[in-house]
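Residue-level structure breakdown
One-letter residues, chain by chain:
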Amino acid sequence: MRATVMYRAGDVRIETVPDARIIEPTDAVVAVSRACICGSDLWPYRGMEEIPDSGRRMGHEAIGFVEAVGNDVRTMKAGDLVIMPFAYSDGSCTFCHEGLQTSCVQGGFFGIAGMNGAQAEALRVPLADGTLFVLAVGQDDALMPSLLTLSDVMGTGHHAAVTAKVGPGKKVAIVGDGAVGLCGVIAAKRLGAEQIIILGRHADRIALAKEFGATNIVSERGDEAVERVRQLTGGYGVHSVLECVGLEQSMLTAISIARPGGAVGRVGVPQDETMPGSQPAFYNNITVGGGPAPVRAYIQELLPDILEGRIEPGKVFDRVVGLDDVPDGYRAMDQRESIKVMVEP
Ligand SMILES: [Zn+2]
């Protein structure tokens, strides 16, 4: 079968690899119907050290059909349509029961550290019963892009909103206008936010943010962005900030635009060891939360809104490629030609 392998920064190849197969009795093999390239895939694309022989198998978001299951898999069978969250989890440990599947004691992540990836014709899914979400619907091409976002970006935007304590009547700001930030706009609106300010500057992303419910756009950066958000919020800043980038400057901006007593929900993978803004966060009593989103826990909650057409997060996909054009998809996202690329293997 064919799969996406990254060997070093900028070097993404489509290669023939051994077919995905059942190894553990709790495994399933999923034939990938749709996958995508993630903003977080751009970090290794820009900076990964060479992995000479094996490279790194890429991709952690997928929707597909179960092709085979191990002897201990109980909740699905070949032919079922499933959503594959970016993390695998057993569904039975203390953290899974608490709805934090990304801390599962047996869990891990796809497309990293030797685990196979979803930008491929198929992949092996460990702990299938706990990991995969079986959809009762058949394949509906119009719904597939939005259902695919439940594997990561929509659940991650929702997690940012939840950990930033978004609720009815709240003033909210979103730092980052990538697919996760845009899904954060959807999540904030869905949770009842009164004002939704997005910090971003790309025309295509801004247009989508407005369509999703953003009430204000701030295109300034740094101190000027902070000043502008204060102007828009009666001088105090917002109750809730969704940090969807992960850089030092974006985190500092996030803390600086939170009002006293406010909260920042971080879902951008931090690129630094230390967290900026420690002193303003302290003196303003700002709660800083967030982390890898337990998207498996959120599928049940978000799915009805997609199936009934109340939200359409699949609009973040503005380019569709076959497997052969995945390397060009990375290039397009890296150069901001594309918000998010969907892969149809
Ligand atoms: Zn678990």
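Residues numbered from 1 in each chain as written. Predicted model: local features only at pLDDT ≥ 70, side-chain atom pairs only at ≥ 80, totals over all residues. Heavy atoms only, no water.

**Focus on the overall build of the protein chain**
Stated precisely, the cut-off is as follows: Each helix is a run of H or I in the DSSP string that is no shorter than four residues. Each strand is a run of E no shorter than two, and both are numbered from the N terminus. For the radius of gyration, the atom set is restricted to C-alpha positions; the globular benchmark scales as 2.2 Å times the number of residues to the power 0.38. Only protein chains enter the area calculation, which uses a 1.4 Å probe; residues under 20% of their type maximum are buried, those over 50% are exposed, and those in between are partly exposed. Should any heavy atoms of two residues lie within 4.5 Å, those residues are counted as being in contact. The Shrake-Rupley method, run with a 1.4 Å probe, gives the accessible areas here. Residue values count only the displayed protein chains as cover.
A tally of helices and strands in the protein chain yields twelve helices and 18 strands. Compactness check: the protein chain gives a C-alpha radius of gyration of 20 Å against a globular reference of 20 Å for 345 residues, within 12% of the reference. Along the longest, intermediate and shortest principal axes, the C-alpha atoms of the protein chain span 60 × 40 × 35 Å. The burial tally for the protein chain puts 55% of its 345 residues in the buried class. A fraction of 69% describes how many contacts in the protein chain between residues 6 or more apart in sequence connect residues 24 or more apart. Carbon and sulfur atoms provide 48% of the accessible area of the protein chain, an area that totals close to 14,300 Å².

**Describing the coordination of the zinc ion**
Selection rule: Sodium, potassium and calcium take a 3.2 Å donor cutoff, other metals 2.8 Å, and in both cases only N, O and S atoms count; water is not among them, so sites may look incomplete. Between 85 and 135 degrees for all angles marks four donors as tetrahedral; over 155 degrees for opposite donors together with 65 to 115 for all other angles marks four donors as square planar and six as octahedral; every other arrangement is irregular.
Taken together, Asp90 (OD), Cys93 (SG), Cys96 (SG) and Cys104 (SG) make up the full set of protein donors to the zinc ion, lying 2.1 to 2.4 Å away. Taken together, the four donor atoms coordinating the zinc ion span angles of 92 to 123° at the metal, a pattern that classifies the geometry as tetrahedral. Sequence spacing among the residues donating to the zinc ion works out to D-x2-C-x2-C-x7-C. Judged by its relative accessible area of 7%, Cys96 falls in the buried class. Relative accessible area serves as the criterion here: at 8%, Cys104 is assigned to the buried category.

**Some points on a nonpolar patch on the surface**
Our working definition: Patches were defined on residues exceeding 30% relative accessible area and lacking a salt bridge, with like-charge contacts within 9 Å and nonpolar side-chain contacts (Val, Leu, Ile, Met, Phe, Trp, Tyr) within 5 Å. A pair is scored as a salt bridge if a Lys or Arg side-chain nitrogen falls within 4 Å of a carboxyl oxygen belonging to Asp or Glu.
On the surface, a nonpolar cluster with roughly 240 Å² of combined accessible area is contributed by Phe95, Leu100 and Val105. Within the secondary structure, Val105 sits in the loop between helix H2 (94-97) and strand E8 (108-109).

**Quick look at the sheet that holds strand E1 (residues 2-8)**
Threshold: Note on pairing: two strands pair once DSSP finds at least 2 bridges between them.
With antiparallel pairing, three strands are arranged side by side in an open sheet as E2-E1-E4. This sheet does not close on itself; its edge strands, each paired only once, are strand E2 (11-16) and strand E4 (56-57). As paired strands, E1 and E4 are joined by two bridges and run antiparallel to one another. Each bridged residue has a counterpart across the sheet, and for Met6 the counterpart in E4 is Arg56.

**Comments concerning unusual backbone geometry**
One non-glycine residue, Lys165, adopts positive backbone phi at about 60°. Relative to the helices and strands, Lys165 resides in the loop between helix H5 (153-163) and strand E11 (171-175). Residue Lys165 is classed as partly exposed on the basis of its relative accessible area of 46%.

**Some details on the packing of aromatic side chains**
So the rule is basically this: Ring geometry is summarised as follows: Phe, Tyr and Trp rings, the Trp one being its six-membered ring, pair when their centres sit within 6.5 Å, and such pairs are stacked at plane angles under 30 degrees, edge-to-face over 60 and tilted between the two. Look at NZ for Lys and CZ for Arg. If either is within 6 Å of the ring centre and within 35 degrees of the ring normal, a charge sits over the ring.
The final tally for this structure, using the stated rule, is four aromatic pairs. For the pair Phe282 and Tyr283, a centre-to-centre distance of 5.1 Å together with 85° between the ring planes defines the contact as edge-to-face. Just as Phe282 is exposed, Tyr283 falls in that class too. The ring of Tyr7 carries the charged tip of Arg13 above its face, separated from the ring centre by 4.0 Å.

**Comments concerning the pattern of salt bridges**
Evaluation of the coordinates by the stated rule reveals 22 salt bridges. Put simply, Asp141 and Arg34 hold a salt bridge, and the shortest N to O gap is 3.3 Å. One end of the pair, Asp141, is in the loop between strand E10 (133-134) and helix H4 (144-148); the other, Arg34, is in strand E3 (residues 28-36), and 107 residues separate them in sequence. Relative accessible area serves as the criterion here: at 51%, Asp141 is assigned to the exposed category. The exposure class assigned to Arg34 is buried, which follows from its relative accessible area of 8%. The salt bridge partner of Asp328 is Arg319, with a shortest N-O separation of 3.8 Å.

**Here we look at the state of the cysteines**
Convention followed: Cysteine sulfur pairs qualify as disulfides if the two atoms are within 2.5 Å.
Tallying each qualifying case throughout the model produces zero disulfides. Unpaired in terms of disulfides, Cys36 finds its nearest cysteine sulfur in Cys38, a separation of 7.2 Å.

**What to know about the environment of Lys171**
With respect to the helices, strands and loops of the structure, Lys171 is situated in strand E11. As for Lys171 and Ser33, which are separated by 138 residues in sequence, their C-alpha atoms are 38 Å apart. When neighbours within four sequence positions are excluded, Lys171 is seen to be in contact with Glu194, Gln195, Thr233, Gly237, Val238, His239 and Ser240.

**Considerations on helix H11 (residues 295-307)**
Under the convention used in this document: A helix is expected to reach a length of 1.5 Å times the quantity of its residues less one.
With 13 residues, H11 ought to run about 18 Å at 1.5 Å a step, and its terminal C-alpha atoms sit 17 Å apart, in line with that. For H11, every residue scored as buried is listed here: Val295, Arg296, Tyr298, Ile299, Leu302, Leu303, Asp305 and Ile306. The secondary structure elements touched by the buried residues of H11 are strand E6 (81-84), helix H3 (128-131), E10, H4, H5 and helix H6 (179-190). A positive backbone phi angle near 80° is found at Gly309, which sits one or two residues after H11.

**Structural notes on the environment of Pro294**
The topology assignment puts Pro294 in the loop between strand E16 (287-290) and H11. Apart from the residues lying within four places of it in its own chain, the contact partners of Pro294 are Gly99, Leu100, Gln101, Thr102 and His159.

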